[in-house]
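# Analysis of the macromolecular model
Residue-level listing of the chains:
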Amino acid sequence: MSRILVLILFVQIFAACRTSKSLVVNKKLTTITFDQLTNKVAENQNFNFFSAKGKISYSDADFSGEADATLKVFKDSFAVLTIKKFGIELFRILINQDSVTALDRIQHTWQRSSISEWSSSFSVPIDFIMMQDIITSGFYLTDYLAYDLKNIEKLYQVEGSSELFLMNTSFFYAPLQSSEIKIIQSNKTAYVHFVKHIS
């Protein structure tokens, strides 16, 4: 089941888009405060139903390359991720509040794992809300991380830290678009790259 977790979060993702639109890079940074950022993130996370299509890139023993991804999220309830290659379904993944069920069309198997098992295995407090926020808005802001906002060349970066892990998010602000999320725990580093984002 660990490869399904990798598939969902900890791989390079060509992020889902309602419309196909290249990421706009601003030449001059807009001055913002952390409160302005969190307010903007909250606006982007205000939805009842989220539907998106895009590309996902990953590799394992059975398949490597890009595939088409369709994501549907019913806020605070469940999410369905369908991955296809040349119109043939490879995976279908159902994520709800406490578990993840994955149908593997390649291996002709299905598997269910609890999200709490993932959290214990990776020593990161993974939950449905965390996954929902990352895959729909590109941000995850929580009370158990201490944050620092920095300017880095043409990007902003939010550095979130706790005793368990670090989460760094690089982004453009006007409009608010995530570029990369990096999660660091012990000697493990996970990346989520957003090549395109929601218009």
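Look above for the structure.
The following refers to the structure shown.

Thresholds applied
- Residues numbered from 1 in each chain as written.
- Predicted model: local features only at pLDDT ≥ 70, side-chain atom pairs only at ≥ 80, totals over all residues.
- Heavy atoms only, no water.
- Helix = DSSP H or I, 4+ residues; strand = E, 2+ residues; numbered from the N terminus.
- Buried < 20%, exposed > 50% of the residue type's maximum accessible area, 1.4 Å probe, protein only.
- Contact = heavy atoms within 4.5 Å.
- Areas by Shrake-Rupley, 256 points an atom, 1.4 Å probe, with all protein chains shown as cover.
- Salt bridge = Lys/Arg side-chain N within 4 Å of Asp/Glu carboxyl O.
- Pairing = 2+ DSSP bridges.

### Side note on the overall build of the protein chain
Across its full length, the protein chain carries four helices and 12 strands. Within the protein chain, the proportion of its 199 residues that are buried is 43%. Contacts spanning at least 24 positions in sequence make up 47% of the contacts within the protein chain whose residues lie at least 6 apart. Accessible area for the protein chain stands at about 10500 Å²; split by element, carbon and sulfur atoms hold 50% of it.

### Focus: the pattern of salt bridges
Taken as a whole, this structure holds four salt bridges when the rule is applied. A salt bridge links Lys40 to Glu43; its shortest N-O distance comes to 3.7 Å. A residue pair is termed a helical-turn pair when its members lie 3 or 4 positions apart in one helix, as Lys40 and Glu43 do in helix α2 (residues 34-44) at three residues. Given the relative accessible area of 30%, Lys40 is considered partly exposed. Through salt bridges that share partners, Glu89, Arg92 and Arg105 make up one connected network.

### Describing the pairing of strand β9 (residues 155-161)
Relative to β9, strand β8 (residues 146-152) is paired through seven bridges, and the arrangement is antiparallel. If you follow Tyr147 over to β9, its bridge partner there is Gly160. Between β8 and β9, which pair antiparallel one after the other, the connecting turn spans two residues, and Glu153 there sits at a positive phi close to 55°. Pairing of β9 with strand β10 (residues 166-172), which is carried by six bridges, proceeds in the antiparallel orientation. Along β10, the bridge assignment pairs Ser161 with Leu166.

### Remarks on unusual backbone geometry
Residue Asp76 is not a glycine yet carries a positive backbone phi of 60°. Among the structural elements, Asp76 can be located in the loop between β3 (64-74) and β4 (78-85). Positive phi, close to 55°, is recorded for His108, a residue that is not glycine. Structurally, His108 can be placed in the loop between β6 (99-104) and β7 (109-114). For His108, a relative accessible area of 71% puts it in the exposed group.

### Things to note about the environment of Asp98
Looking at the secondary structure, you find Asp98 in the loop between β5 (88-96) and β6. As for Asp98 and Ser113, which are separated by 15 residues in sequence, their C-alpha atoms are 8.7 Å apart. Sequence-distant contacts of Asp98, that is, excluding residues within four places in its chain, are made with Ser113, Ser114 and Ile115.

### Here's the deal with the environment of Leu90
Topologically, Leu90 is positioned in strand β5. Separated by 16 residues in the primary sequence, Leu90 and Ile106 have C-alpha atoms spaced 5.9 Å apart.

### Let's talk about the side chain of Thr169
You can see Thr169 is positioned in strand β10. The class for Thr169 is buried, based on a relative accessible area of 5%. Sequence-distant contacts of Thr169, defined by excluding residues within four places in its chain, comprise Gly138, Phe139, Tyr156, Gln157, Val158, Ser178, Glu180 and Ile181.

Remember that the coordinates give geometry; whether it matters functionally is a separate question.
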